[in-house]
Amino acid sequence: MGASLIVFPCALFLFLLNFCSSGPEVVTIGVHEAKKLLHSGYAYIDVRTVEEYRKGHVDADKILNIPYMFNTPEGRVKNPEFLKEVSSVFKEDDLLIVGCQSGVRSLSATADLLEIGFKNVSDMGGGYLAWLKNGLPIKEEEPIIKVQNQEPAKVEEKPKEEL
């Protein structure tokens, strides 16, 4: 009898939480499933900061970096233009995977996208760190030097004997 007094309220709470949920449920997929979907035509939205993205990111044909949060002196703040930026590039029925560094920001970003009507959006669980841990292909941006009023130039490393 004592156990049922605990189980019933918990079950009722979970039922009401699920029944009264205000938005669509976020689907989280693993990195291997994400890789398969990326090869089948899905686009990847990397919601990390520009600095994180440039250090390395998922190697995908269709990839776009739209930060969900920005680093400020006061800490991280949500990008107020995130949904507008995504909506300017993608349609509500496009096939999308959202990823970040560890899976926290992408979960929130995916929920926000579903809330405004995107239909085929999945969160990549574990983020870029899980992608790396599983030895999946990455791409690193080449460092560039920008000289005022000129196009960016690639930085080439010289052999040590020339230095």
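In what follows, the structure referred to is the one given above.
In this text the structure is predicted, and so the values were computed from the model without any measurement.

This part covers helix α5 (residues 104-115). Across its twelve residues, α5 extends 17 Å between first and last C-alpha, which sits within 8% of the 16 Å expected from 1.5 Å per residue. Of all the positions in α5, only Arg105, Ser106, Ala109, Thr110, Asp112, Leu113 and Leu114 are classed as buried.

Let's shift gears to the pattern of salt bridges. Applying the stated criterion to the full structure yields six salt bridges. The residue Glu52 makes a salt bridge to Arg105 at a minimum N-O spacing of 2.9 Å. With Glu52 in helix α3 (residues 50-55) and Arg105 in helix α5, the pair connects residues that are 53 residues apart, well separated along the chain. Ionic contacts of the salt-bridge type, sharing partners, join the residues Glu52, Arg76 and Arg105 into one network.

Turning to the nonpolar core, a few remarks are in order. Ile45, Val47, Phe82, Val86 and Leu113 are the most contacted members of the largest nonpolar core, which has 16 residues in total. When contributions to this core are tallied by element, the ones reaching two or more residues are β2 (43-46), α4 (82-89), β7 (95-99) and α5. Per-element tally for this core: the top contributor is α5, with three residues. Look past the residues within four positions of Phe82 in its chain and what remains in contact with it is Val47, Ile66, Pro67, Tyr68, Ala109 and Leu113. Counting residues in hydrophobic clusters, the runner-up holds 15 residues, among them Val31, Leu38, Val58 and Met124.

One can find Pro67 in the loop between β4 (63-65) and β5 (69-72). The spatial distance from the C-alpha of Pro67 to the C-alpha of Arg105 is 9.3 Å, given a sequence separation of 38 residues. If we skip the residues at most four places from it in the chain, Pro67 touches Asp46, Val47, Arg48, Thr49, Val50, Asn79 and Phe82.

Right, let's talk about the environment of Leu107 for a bit. By the secondary structure assignment, Leu107 is in helix α5. Sequence-wise, Leu107 and Thr28 are 79 residues apart; in three dimensions their C-alpha atoms are separated by 7.9 Å. Those residues in contact with Leu107 that lie beyond four places of it in its chain are Val26, Thr28 and Asp123.

Two elements in contact, α4 and α5, have axes separated by 11 Å at closest approach and are oriented at 65°. The orientation of α4 relative to α5 falls into the category roughly perpendicular. The chirality of how α4 crosses α5 is right-handed. Contacts between α4 and α5 involve Phe82, Leu83 and Val86 on the former and, on the latter, Ala109, Asp112 and Leu113. For the contact of α4 with α5, a count of residues per class yields five nonpolar, no polar and one charged.

All right, on to the sheet that holds β2 then. As summarised here, the arrangement of the five strands in space is β1-β8-β7-β2-β4, forming an open sheet in which the pairing is parallel. Strand pairing shows two members of the sheet lacking a second neighbour, β1 (27-29) and β4, which therefore form its edges. Each neighbouring strand pair of the sheet contributes to a mean axis angle of 30°, computed without reference to strand direction. Judged from the three bridges that link them, β1 and strand β8 (residues 120-124) form a sheet pairing that is parallel. Across the sheet, Ile29 pairs through a bridge with Met124, a residue of β8. In the packing of α5 onto the sheet, contacts are made with β1, β2, β7 and β8, and the angle to β8 comes to roughly 170°.

Parameters at a glance
- Starting afresh in each chain, residues are numbered from 1 along the sequence in its written order.
- Local features in this predicted model are restricted to residues whose pLDDT is 70 or higher, and side-chain atom pairs enter the listing and the counts only when it is 80 or higher, whereas totals over whole chains, interfaces and linings include all residues.
- Side-chain numbers here rest on the full set of heavy atoms in the structure, without hydrogens or water.
- A run of DSSP states H or I qualifies as a helix once it reaches four residues; a run of E qualifies as a strand once it reaches two. Both are numbered from the N-terminal end.
- Multiplying 1.5 Å by the residue count of a helix minus one yields the expected span of that helix.
- To sort residues, take the accessible area from a 1.4 Å probe on protein chains only and compare it with the maximum for the residue type: under 20% means buried, over 50% means exposed, and anything in between is partly exposed.
- The term salt bridge refers to a pairing of a side-chain nitrogen on Lys or Arg with a carboxyl oxygen on Asp or Glu at a separation within 4 Å.
- Nonpolar cores were defined as sets of buried Ala, Val, Leu, Ile, Met, Phe, Trp, Tyr and Cys residues, with membership established by side-chain atoms within 4.5 Å.
- In what follows, a contact means two residues having at least one pair of non-hydrogen atoms within 4.5 Å.
- Inter-axis angles, ranging from 0 to 180 degrees, are taken between N-to-C directions of lines fitted to C-alpha atoms, where helices are fitted over the stretch in contact.
- We call two directions roughly parallel when the angle between them is under 35 degrees, roughly antiparallel when it is over 145, roughly perpendicular when it lies between 65 and 115, and oblique otherwise.
- Crossings are assigned a handedness: left-handed for a near helix turned anticlockwise from the far helix by less than a right angle, right-handed for a clockwise turn.
- Nonpolar residues are Ala, Val, Leu, Ile, Met, Phe, Trp, Tyr, Cys and Pro. Charged residues are Asp, Glu, Lys and Arg, and all others, Gly as well, are polar.
- For two strands to pair, DSSP has to find at least two bridges joining them.

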